Amino acid sequence: MDKIRHIQQPVIEAIKEFDQADMDDLCEAAEEAILDGNGFGWLTPPRRIVQENFWKGVLMVPVRELYCARFEGRIVGSGQLLKPFSNNEAGAHIGQVATFFIAPYARGHGLAIGLLAVIENSAKEQGIKILEVDVRETQTAAIALLEGNGYEKWATKSNYAWNGERYVDGFYYKKELAELKRDESLSGN
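Residues numbered from 1 in each chain as written. Predicted model: local features only at pLDDT ≥ 70, side-chain atom pairs only at ≥ 80, totals over all residues. Heavy atoms only, no water.

### As for the overall build of the protein
Okay, step 1: Within the protein one finds 4 helices and 7 strands.
Okay, step 2: Going residue by residue from the N terminus, the α and β elements of the protein occur as β-α-α-β-β-β-α-β-α-β-β.
Okay, step 3: Rg of the C-alpha trace for the protein: 18 Å, near the compact-globule value of 16 Å for 189 residues, within the 12% margin.
Okay, step 4: The C-alpha extent of the protein, read off along each of the three principal axes, is 75 × 40 × 30 Å.
Okay, step 5: When the 189 residues of the protein are sorted by exposure, 37% land in the buried category.
Okay, step 6: Contacts in the protein between residues at least 24 apart in sequence constitute 62% of all its contacts with a sequence separation of at least 6.
Okay, step 7: Taken as two groups, the 21 positive and 28 negative side-chain charges of the protein have centres that lie 1 Å from each other. (Helix = DSSP H or I, 4+ residues; strand = E, 2+ residues; numbered from the N terminus. Rg over C-alpha atoms; globule rule 2.2 N^0.38 Å. Buried < 20%, exposed > 50% of the residue type's maximum accessible area, 1.4 Å probe, protein only. Contact = heavy atoms within 4.5 Å. Lys, Arg positive; Asp, Glu negative; His and termini not counted. Charge placed at Lys NZ, Arg CZ, Asp CG, Glu CD.)

### Considering the side chain of Arg70
Okay, step 1: In this structure, Arg70 sits in strand S2 (residues 64-71).
Okay, step 2: Ignoring sequence-local partners within four residues, the contact set of Arg70 consists of Gln9, Pro10, Val11, Glu13, Asp22, Ile75, Val76 and Leu111.

### Description of the pattern of salt bridges
Okay, step 1: The final tally for this structure, using the stated rule, is 10 salt bridges.
Okay, step 2: Between Glu13 and Arg70 there is a salt bridge; the shortest N-O distance is 2.2 Å. Pair noted here: Glu13 is in strand S1 (residues 11-15) and Arg70 is in strand S2, with a separation of 57 residues, a long-range link.
Okay, step 3: Several salt bridges converge on common partners, so that one network encompasses Glu13, Asp22 and Arg70. (Salt bridge = Lys/Arg side-chain N within 4 Å of Asp/Glu carboxyl O.)

### Examining the nonpolar core
Okay, step 1: Ranked by size, the top nonpolar core spans 24 residues in total, and within it Leu131 and Tyr173 carry the most contacts.
Okay, step 2: Contributions of two or more residues to this core are made by S2, strand S3 (74-82), strand S4 (94-102), helix H3 (111-125), strand S5 (130-136), helix H4 (140-148) and strand S7 (167-176).
Okay, step 3: In contact with Leu131, other than residues within four places in its own chain, are Leu81, Gly95, Gln96, Val97, Ile119, Glu120, Ala123, Tyr151, Tyr173, Lys174, Lys175 and Leu177.
Okay, step 4: Counting 15 residues, the second largest nonpolar core, distinct from the first, contains Ile15, Phe18, Cys27 and Phe101. (Core = buried A, V, L, I, M, F, W, Y, C linked by side-chain atoms within 4.5 Å.)

Here it is as structure tokens:
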């Protein structure tokens, strides 16, 4: 009798609450990403309780949407859509992508591009017209992903981050999700 192996397809989903297994998966994936140099600010993995409190805190902030990538049933990466606060009427058209990573052991399966697409779609549905993201110059895979998906680099910041050995520059990217109408009489043209 042949053994049947059920392969679970990759999934990108919004997370509204954690069970302990999902929290463990996310913390493990984040630790691996941090050790790989893609730790969204951390240079070394923090104690587990610190990381768990960070992720629980993300879910408590109304302007943050957390999306997680699952591979073979386990969370292996995340990304957040940061929406503008309600008091930011002037910048209500701009959202940000944050804590975007896929654990090294789960790369190469299209999860990053899927995660980015889900975040972009959520932003569009909510009327966000521009998405911004910033990355360290050393994050070459993230840079290739952004540039390959229509993000344009609009700025470089010197000494953006300390990577544990030296200061590295940061690159700022944006993508227009909808056409923006400008008042050309104000632009000096």
